[in-house]
Amino acid sequence: MNSLAEAFQSYSEMNSGVPANSYYNENEKLYYCSTCNTAKQCRIKWMGIEQTVNCMCDCETRANIKDVEAHMERKHKLRIRTNRNIGIPGKLFDKTFENFEVSESNRKNFQICRKYCDKFAEMKADNIGLRLCGSNGTGKTHMAAAMANRLIEGGWKVYMRTMDELIAEIMKSYDKNETVSDICSYDLLIIDEFGQERSTETVQQYVQDIINTRVINGRPFIITTNIITPNENEMNMCDRRIYSRFNETLMTVPFEGKDMRAEIHNKKLERFKEILKG
């Protein structure tokens, strides 16, 4: 008997004891599960040697599948939590479509942005991004964060920062080109408050590098901005290149309506007065 056959026989002997929670089926000459009445043993033949070995019955198989599914679910949740912790500032974790305040003025935008997430695989394939523009307090950042949270829940990698934060990350890094590459590696980049950053030649160059890299690599991005209509007379050559890229890849979603932050302030003011009276 060669060594492989000996190893097989040794393995079979170790796995041929009477399985737990079983009874002997006289017809099949095998042990069966007392719970689900399916075989807990099977016969296998290899290199001319037939042995009876223990195996999983149906209820053990189902339990094993549940264990595997539970393990995969834990891994999935851990991956989502990790991606959210890396990709979104903590203050935006709770911004979702469910708690976005929908009004007549923003209902269409709400539907567009939610549909964009539902169809993100196609949007990504065609490198289609969004430009959420409008005055302060109209819900642009909340909407962008809701999209980021929804996509992360779906398994996509999203990175959301203000333009100032992105520039700060690049400026403080040892290898600036590598940092730009890292920023551009995400499935979706969301740049909040675009146009509010301090504009210098260096900053503009990094902005252009980020935008160009994502466009060239076919990776979409979304910006939120207060700039509704850029003034071309105030643009330099770098600005023109950046906005040319925007026109190439971004669909404009204008946000209108009253300032939500002012309403929040008024509610807090009323609450403040109530507390003082108490």
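Above this note sits the structure.
Residues numbered from 1 in each chain as written. Predicted model: local features only at pLDDT ≥ 70, side-chain atom pairs only at ≥ 80, totals over all residues. Heavy atoms only, no water.

Asks: Is there a simple way to explain the overall build of the chain in this structure?
Replies: On a plain count of helices and strands, the chain comes out with ten helices and nine strands. Counting all 278 residues of the chain, 37% fall into the buried class. Within the chain, contacts between residues at least 6 apart in sequence are counted, and of these 70% link residues at least 24 apart. Counting only carbon and sulfur atoms, one obtains 49% of the accessible surface of the chain, whose full area is about 16,800 Å². (Helix = DSSP H or I, 4+ residues; strand = E, 2+ residues; numbered from the N terminus. Buried < 20%, exposed > 50% of the residue type's maximum accessible area, 1.4 Å probe, protein only. Contact = heavy atoms within 4.5 Å. Areas by Shrake-Rupley, 256 points an atom, 1.4 Å probe, with all protein chains shown as cover.)

Asks: In this structure, what is going on with the pairing of strand E7 (residues 188-194)? I would like to understand it.
Replies: The two faces of a sheet get side chains in turn, since along a regular strand they alternate between them. Counting buried residues along E7, six of its seven residues qualify, which places the element largely inside the surrounding structure. In this structure, strand E6 (residues 158-162) lies alongside E7, joined through five bridges in parallel fashion. Within the sheet, the bridge partner assigned to Arg161 lies in E7 and is Ile191. Pairing analysis gives four bridges linking E7 to strand E8 (residues 221-225), with the strands arranged parallel. Bridging across to E8, Ile190 finds its partner in Ile222. (Pairing = 2+ DSSP bridges.)

Asks: Can you walk me through the nonpolar core in this structure?
Replies: Where a protein is soluble and globular, its nonpolar side chains tend to be buried together. Ranked by internal contacts, the top residues of the largest apolar core, which has 27 residues, are Leu132, Met143 and Met147. Among the secondary structure elements, those contributing two or more residues to this core are helix H3 (107-118), strand E5 (129-134), helix H5 (140-153), E6, E7 and strand E9 (250-255). Among the elements that line this core, the one with the most residues is H5, at eight residues. The contact partners of Met143, leaving out residues within four places of it in the chain, are Phe97, Phe100, Asn109, Phe110, Cys113, Leu132 and Phe255. In terms of nonpolar packing, the next biggest core, distinct from the first, is built from 25 residues, Tyr159, Leu166, Tyr186 and Tyr243 among them. (Core = buried A, V, L, I, M, F, W, Y, C linked by side-chain atoms within 4.5 Å.)

Asks: What is the right way to look at the pairing of E5 in this model?
Replies: Counted residue by residue, E5 has six buried out of six residues, so it is predominantly covered. Burial of the side chains of E5 extends over both faces: Gly129, Arg131 and Cys133 are buried on one face and Leu130, Leu132 and Gly134 on the other. Pairing between E5 and E9: six bridges, direction parallel. Bridge pairing in E9 links Gly129 to Leu250.

Asks: Can you help me understand the packing of aromatic side chains in this one?
Replies: Each aromatic ring pair is characterised by the separation of its centres together with the angle its planes make. Taken as a whole and assessed by the stated rule, the structure comprises eleven aromatic pairs. An angle of 55 degrees between the planes, with centres 5.9 Å apart, marks the rings of Tyr116 and Phe120 as tilted. For the pair shown, Tyr116 and Phe120 are each scored as buried. Each ring, one from Tyr243 and one from Phe246, has its centre 5.2 Å from the other, and the planes form 75 degrees; the classification is edge-to-face. Note that Tyr243 and Phe246 are positioned in helix H9 (residues 237-249) at a spacing of three residues, about one turn of the helix. Take Tyr243: its relative accessible area is 14%, and that puts it in the buried class. (Phe/Tyr/Trp six-rings, centres within 6.5 Å; stacked < 30°, edge-to-face > 60°.)

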